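# Examination of the molecular architecture
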2 protein chains.
Amino acid sequence: MDNKPLILVTNDDGIHAEGIRVLIELMNQMGEVWVVAPENSQSGMGHAITINATLHVDRRIVNNGPQIEYSCSGTPVDCVKIAINELLPKKPDLCVSGINHGQNASTNIIYSGTMSAAVEAGIQGIPSAGFSLCDSSWNADFQGSQSAVNSISKLLLQNKLPLGVVLNVNIPKSQPKDIKGIKICRGADASWHENFDKRKNPQGREYYWLTGDFINQDRGKDTDLWALENNYVSVVPVHYDLTAHDVISEIKTWSL
Amino acid sequence: MDNKPLILVTNDDGIHAEGIRVLIELMNQMGEVWVVAPENSQSGMGHAITINATLHVDRRIVNNGPQIEYSCSGTPVDCVKIAINELLPKKPDLCVSGINHGQNASTNIIYSGTMSAAVEAGIQGIPSAGFSLCDSSWNADFQGSQSAVNSISKLLLQNKLPLGVVLNVNIPKSQPKDIKGIKICRGADASWHENFDKRKNPQGREYYWLTGDFINQDRGKDTDLWALENNYVSVVPVHYDLTAHDVISEIKTWSL
């Protein structure tokens, strides 16, 4: 028992989401599972942390099983920080985040609570991956996700990942038999073209909903969006050293 | 008049903060200034966006001056998106964020609303920088910031910045005469060692405040933290392509 790896499971859709339930079941086969996940949906929270308000955590039993579960009032990144520093008996051997209800490929990483939780675990020195299914419905079918989640998590437990890197895994909305395999990719150079939906409230005050179209102008066949469109699971190695080292020497030539 | 550059000014401390007031005054000397900033403090919001709630904006007159000002109910990234897509007459020639009350060097970029606003402007193709003063008090003295903000903003208006890069500028808490100059740096490899402050509320329920120590184990003299400790303004070029391109070939050797 004591030799089982310790696995932290989190997400951004909240502790009751179907995606994290599937992930917990899969991780229960691999190690001792601790769940620390948001009370409520935290989609789009990026790498936000709670510094001007308090946090609380509650012990939960959502499903039967060997896992130990806590909900946290904060963001996905808060969940990882409080798990590692307050709740878990020791530093986990692996952190998995998801399975997100909805795609987190390309530049969506930067807005994604799912991926920010995985990145935070990476910053804390823990092998880590975020998993997302390209289906945002609450009752999405996660059967096509299981094989990839299993094989990638097993490799991460073998400490295969270079320091400073976490994995962004996206899974097409397909049945297991239709998924062609796993592709290691770069994130596609795509972006949101916003289209704010302007409305008036019952008192006549204007307000907005953030909407938009996600436009992929990247024709490369080595991108995550290409892989997903062609029914492959995409795996993008993600770094969190944000220094653009290659342009330092150019900027040094400026007369500042 | 029509040839004046259009400058978007935002921050994460909120539209009433002293730091953004100083930044607006400086930018008024360089172009036509539009301010779109959060109603309230959004420190630590990282790259969060508002997707499960509505947004509103209000025309404001906080100080006299030629600038046009709006507050927005959302995050710093929401401010940039709604400014560019709904409020400004055209795409701005420059976006400046700050001046933040408090340091945003090293890995703090990832949690910083100030820098996330600058990064979002970069994603939208706008030359952009975040400015932070190493003094988090509400009445911080921004005199030491003015020269660096001016010279860096002028260079950005000349389209000096390579595509996919924005600048993270930190300014030491010093009088102008004591600042030795500007250093182009990499972000130091430092991180937070969290120390959650656990308390009980009047009803006996436990809650936490997120606190911690920021530990710099990076001995390099080419880092932003070294520059700041030695009374230089630090300028770090920041990229937002999060693919770790250099490890793709290694991960392709895994048997997935």
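Structural notes, computed from the coordinates. (Residues numbered from 1 in each chain as written. Chains lettered and ligands numbered in written order. Predicted model: local features only at pLDDT ≥ 70, side-chain atom pairs only at ≥ 80, totals over all residues. Heavy atoms only, no water.)

Moving on: the relation of the copies chain A and chain B. For these two chains of identical sequence, chain A goes onto chain B by a turn of 180° and a shift of 0.0 Å along the axis, with RMSD 0.0 Å. One copy is carried onto the other by what is essentially a two-fold rotation axis. (Least-squares fit on C-alpha atoms with pLDDT ≥ 70 in both.)

Contacts between chain A and chain B engage 72 residues on the former and 72 residues on the latter. Of the roughly 6,500 Å² buried between chain A and chain B on both sides combined, carbon and sulfur atoms contribute 69%. At the junction of chain A and chain B, the tally comes to 4 salt bridges. For Glu194(A), the salt bridge is made with Lys81(B), and the minimal N-O distance between the two is 2.3 Å. Applying the counting criterion to the chain A and chain B interface returns 28 residue pairs in polar contact (both at pLDDT 80 or more). Each residue belonging to the side of chain A that touches chain B can be placed in one class, and the counts come to 41 nonpolar, 17 polar and 14 charged. (Contact = heavy atoms within 4.5 Å. Buried area = accessible area lost by both parts, 1.4 Å probe. Salt bridge = Lys/Arg side-chain N within 4 Å of Asp/Glu carboxyl O. Polar contact = N/O pair within 3.5 Å; in protein donor to acceptor, adjacent residues only side chain to side chain. Nonpolar A, V, L, I, M, F, W, Y, C, P; charged D, E, K, R; others polar.)

The next subject is the pattern of salt bridges. Considering all chains together, one arrives at 22 salt bridges over all chains under this definition. The closest approach of N and O atoms between Glu120(B) and Lys81(B), which form a salt bridge, is 3.0 Å. Here Glu120(B), found in helix α3 (residues 113-123), pairs with Lys81(B), found in helix α2 (residues 76-87); they are 39 residues apart in sequence, far enough to count as distant. Residue Glu120(B) shares its accessibility class with Lys81(B), and that shared class is buried. Each member of the salt-bridge network shares a partner with another, and the members are Lys81(A), Glu120(A) and Glu194(B). (Helix = DSSP H or I, 4+ residues; strand = E, 2+ residues; numbered from the N terminus. Buried < 20%, exposed > 50% of the residue type's maximum accessible area, 1.4 Å probe, protein only.)

Our next topic: the layout of surface pockets. Counted as a void, the largest pocket has a volume near 1,000 Å³. Contributions of two or more residues to the lining of the largest pocket are made by β9 (190-194) of chain A together with α2, α3 and β7 (165-171) of chain B. When residues in the lining of the largest pocket are grouped by element, the largest group, 5 residues, is from β9(A). In terms of residue class, the lining of the largest pocket is built from 21 nonpolar, 16 polar and 8 charged. The wall of the second largest pocket is formed by 39 residues, among which Gly122(A), Ile123(A), Gly164(A), Tyr240(A) and Asp189(B) lie closest to the centre. Counting only elements with at least two residues in the lining of the second largest pocket, the list comes to α3 (113-123) of chain A together with β9 (190-194) of chain B. With 5 residues, β9(B) is the largest single contributor of residues to the lining of the second largest pocket. Residue composition of the lining of the second largest pocket, grouped by class: 18 nonpolar, 15 polar and 6 charged. (1 Å grid on protein atoms, 1.4 Å probe; cavity = no way out; pocket = protein on both sides within 12 Å on 5 of 7 lines; lining within 4 Å. Points joined across faces, edges and corners; volume = space filled by probe spheres on them.)

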